[in-house]
Amino acid sequence: SQSSSVNTSLEENKIVIQELQKLADAFRIKGDTWRSHGYTKAISAIKRCGKVLSSYEDAVSLPGVGDKIASKVWEILETGRLRKVSEVCEDSKTKVLQLFTNIWGVGPSTAEAWYLQGFCTLDDLKEKGTLTKQQQIGLKYYQDFLERIPRIEVEEIGELVSVMAKSIQPQLTATLVGSYRRGKESCGDIDVMICKPDHLDSKNILSQLLESLKNSGLITDDLVSIEKDGNERKYLGVCQLPGENKKHRRLDIFLVQKSELGPALMHYTGSALFNRSIRLLAAKKGMSLSEHSLHGGIVREGLKVLNGGYIIPTPDEKSIFEALGLAYRPPEERDH
Ligand code: DCP
Ligand code: MG
Ligand code: MN
């Protein structure tokens, strides 16, 4: 699923990464999140290590790679493939689960339930399945949503959203975040962060923007509907550029305010894996990082927070790295 990443890893490790990725994907769609994470972590360590793996020892010396995965690395190095891949990924049930979980809004448990009902194809679902509104939209745009979005198209859509935001309120700014900001050649969706001054009432900003984008024809479907006078700040939907042969694309819009810009920008830039590890690190240092703020002086007992601490000012991303005692990492280096 991350095949389009700007590949910082070495060409020689490609087959190893490919085979392990197949297992990570298969375990994810089967609902075995724990195993899937294990493989994902190992893959990220291999991508980062900067050396060509040539033995079991090379592999087992990496953080997050234990005996079991190292043995698999060895098998791939020896034979060019992994027998477990055909066992785990290529049976007919897994293929059906794969087909179903590729529908936006369908997770492992829904896919499994449909499989147990005897459904095997997308046509089965269309004819006999019970789908939520989201899943119906996911099914309608099945092929389009599997396609990666070239950077240039992400920019085009981002520009339209930006112009519309400014026409509603000149002080609003729009920034492309997510995999686009991390420099990927192509993206899974378009993530736009809209920033407003703190004193502006956030009510209606998002709903006004969405209404204009729908009237202009850019937004074609909602995946989560925003209450008209609500305070929601996250929108997930579908858009399509005007013109012939334009695909339907997933569009996310996030509304944040100036005072939370640093943590928000970092959160929405991701990657999700990077966010998880930097939050874990913050916790280890008695701090707590969220998409809104960084807190210090946190006292925990197990998972329970005994003292909520105080806010550490973090006007930009650099200040967050500094407060955590880390060297700055540009977005391109935040895949894990
Ligand atoms: N995010 C997160 N945890 C999640 C999902 C998302 O922290 N479970 C954050 C980090 C992501 C950002 O939101 O980078 C945008 O989410 P996307 O799902 O759009 O992921 P990306 O933009 O990184 O990748 P893709 O190209 O697949 O959209
Ligand atoms: Mg994205
Ligand atoms: Mn997104």
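See above for the structure.
From a predicted model like this one, the values you see are computed outputs, not experimental measurements.

Conventions adopted
Residues numbered from 1 in each chain as written. Chains lettered and ligands numbered in written order. Predicted model: local features only at pLDDT ≥ 70, side-chain atom pairs only at ≥ 80, totals over all residues. Heavy atoms only, no water. Donors = N, O, S within 2.8 Å, 3.2 Å for Na, K, Ca; no water. Helix = DSSP H or I, 4+ residues; strand = E, 2+ residues; numbered from the N terminus. Buried < 20%, exposed > 50% of the residue type's maximum accessible area, 1.4 Å probe, protein only. Pairing = 2+ DSSP bridges. Salt bridge = Lys/Arg side-chain N within 4 Å of Asp/Glu carboxyl O. Near = heavy atom within 4 Å. Polar contact = N/O pair within 3.5 Å; in protein donor to acceptor, adjacent residues only side chain to side chain. Areas by Shrake-Rupley, 256 points an atom, 1.4 Å probe, with all protein chains shown as cover. Nonpolar A, V, L, I, M, F, W, Y, C, P; charged D, E, K, R; others polar. Axes fitted to C-alpha atoms, helices over the stretch in contact; angles between N-to-C directions. Parallel < 35°, antiparallel > 145°, perpendicular 65-115°, else oblique. Left-handed = near helix turned anticlockwise from the far one by under 90°. Contact = heavy atoms within 4.5 Å. 1 Å grid on protein atoms, 1.4 Å probe; cavity = no way out; pocket = protein on both sides within 12 Å on 5 of 7 lines; lining within 4 Å. Points joined across faces, edges and corners; volume = space filled by probe spheres on them.

Caption draft 1: Structural context of the coordination of the manganese ion (ligand 3). Within the protein, the atoms that donate to the manganese ion (ligand 3) are D189 (OD), D191 (OD) and D252 (OD), at distances of 2.0 to 2.2 Å. Mapped onto the sequence, the donors of the manganese ion (ligand 3) take the spacing D-x1-D-x60-D. The metal-metal distance between the manganese ion (ligand 3) and the magnesium ion (ligand 2) comes to 3.4 Å, with D189 coordinating both. Of this pair, D191 sits in strand β4 (residues 190-196) while D252 sits in strand β7 (residues 249-257), and the two are 61 residues apart along the sequence. D252 sits in the buried class, given a relative accessible area of 6%.

Caption draft 2: Geometry of the sheet that holds strand β9 (residues 294-296). With antiparallel pairing, three strands are arranged side by side in an open sheet as β8-β9-β12. Whereas interior strands pair on both sides, the edge strands pair on one side only; in this sheet they are β8 (288-289) and β12 (310-312). One ladder, built from two bridges, connects β8 with β9; its direction is antiparallel. Note that in β9 the partner of L289 across the bridge is L294.

Caption draft 3: Representation of the pattern of salt bridges within the structure. Taken as a whole and assessed by the stated rule, the structure comprises 18 salt bridges. As a salt-bridge pair, R249 and E153 come within 2.9 Å of each other at their nearest N and O atoms. Here R249 is found in strand β7, whereas its partner E153 is found in helix α11 (residues 151-168), with 96 residues between them in sequence. Exposure class is identical for R249 and E153. Each is buried. A salt bridge links R233 to E260; the nearest nitrogen and oxygen atoms lie 3.6 Å apart. Of this pair, R233 sits in the loop between β5 (219-222) and β6 (234-239) while E260 sits in the loop between β7 and α14 (261-269), placing them 27 residues apart in sequence. Overlapping salt bridges, with partners in common, bring together R181, E317 and R334 in one network.

Caption draft 4: Region of interest: the site of ligand 1. Neighbouring residues of ligand 1: 15 residues in total, closest S179, R182, G188, D189 and N275. Here D191 contributes a side-chain N or O atom positioned 2.9 Å from an oxygen atom of ligand 1. T269 is positioned with one of its backbone polar atoms (N or O) 3.4 Å from an oxygen atom of ligand 1. In isolation ligand 1 offers 550 Å² of accessible surface; the protein chains occlude 63% of this area. Taken together, the elements giving at least two residues each to the shell around ligand 1 come down to α12 (178-181), α14 and α15 (272-284). With three residues, the single largest contributor to the shell around ligand 1 is α14. The class makeup of the residues in the shell around ligand 1 is three nonpolar, eight polar and four charged.

Caption draft 5: Fine view of α14. The element α14 is largely enclosed, with a buried count of seven among its nine residues. Buried within α14 we find G262, P263, A264, L265, M266, Y268 and T269. Phi turns positive one or two residues past the end of α14, at G270, with a value near 70°.

Caption draft 6: Geometry of the packing of helix α6 (residues 92-101) against helix α7 (residues 108-116). Put simply, α6 and α7 touch, their axes get as near as 9 Å, and they point 125° apart. The orientation of α6 relative to α7 falls into the category oblique. Pair α6 / α7 crosses with right-handed handedness. Residues K93, V96, L97, F100 and T101 of α6 lie in contact with α7, whose contacting residues are P108, A111, E112, W114 and Y115. Split by residue class, the contact of α6 with α7 holds seven nonpolar, one polar and two charged.

Caption draft 7: Local environment of empty space enclosed by the protein. For the structure on display, the rule yields one cavity of 30 Å³ or more. The space that makes up the largest cavity amounts to roughly 30 Å³. In this structure, the largest cavity is lined by P263, M266, H267, N275, I278, R279, L289 and S290. Elements represented by at least two residues in the lining of the largest cavity include exactly α14 and α15.

Caption draft 8: Representation of unusual backbone geometry within the structure. Here G270 and S271 are connected by a cis peptide whose omega angle stands at 0°. Mapped onto the elements, S271 comes out in the loop between α14 and α15. Unlike most non-glycine residues, N245 shows phi in positive territory, near 60°. Residue position: N245 is located in the loop between β6 and β7. The exposure class of N245 is exposed, given its relative accessible area of 74%.

Caption draft 9: Representation of the sheet that holds β6. A sheet is described by the order of its strands in space; here five strands give the open sequence β2-β4-β7-β6-β5, paired in mixed fashion. Edge positions in the sheet fall to β2 (173-176) and β5, since each of these pairs with one other strand and no more. Between one strand axis and the next, the sheet turns by 35° as a mean value, whatever way the strands run. Of the strand pairs in this sheet, β2 and β4 are connected by four bridges, and their pairing is antiparallel. Paired with T173 across the strands is C195, a residue of β4. Strands in contact with helix α13 (residues 205-215) are β4, β5, β6 and β7; relative to β7, the strand with the most contacts, it is inclined by about 150°.

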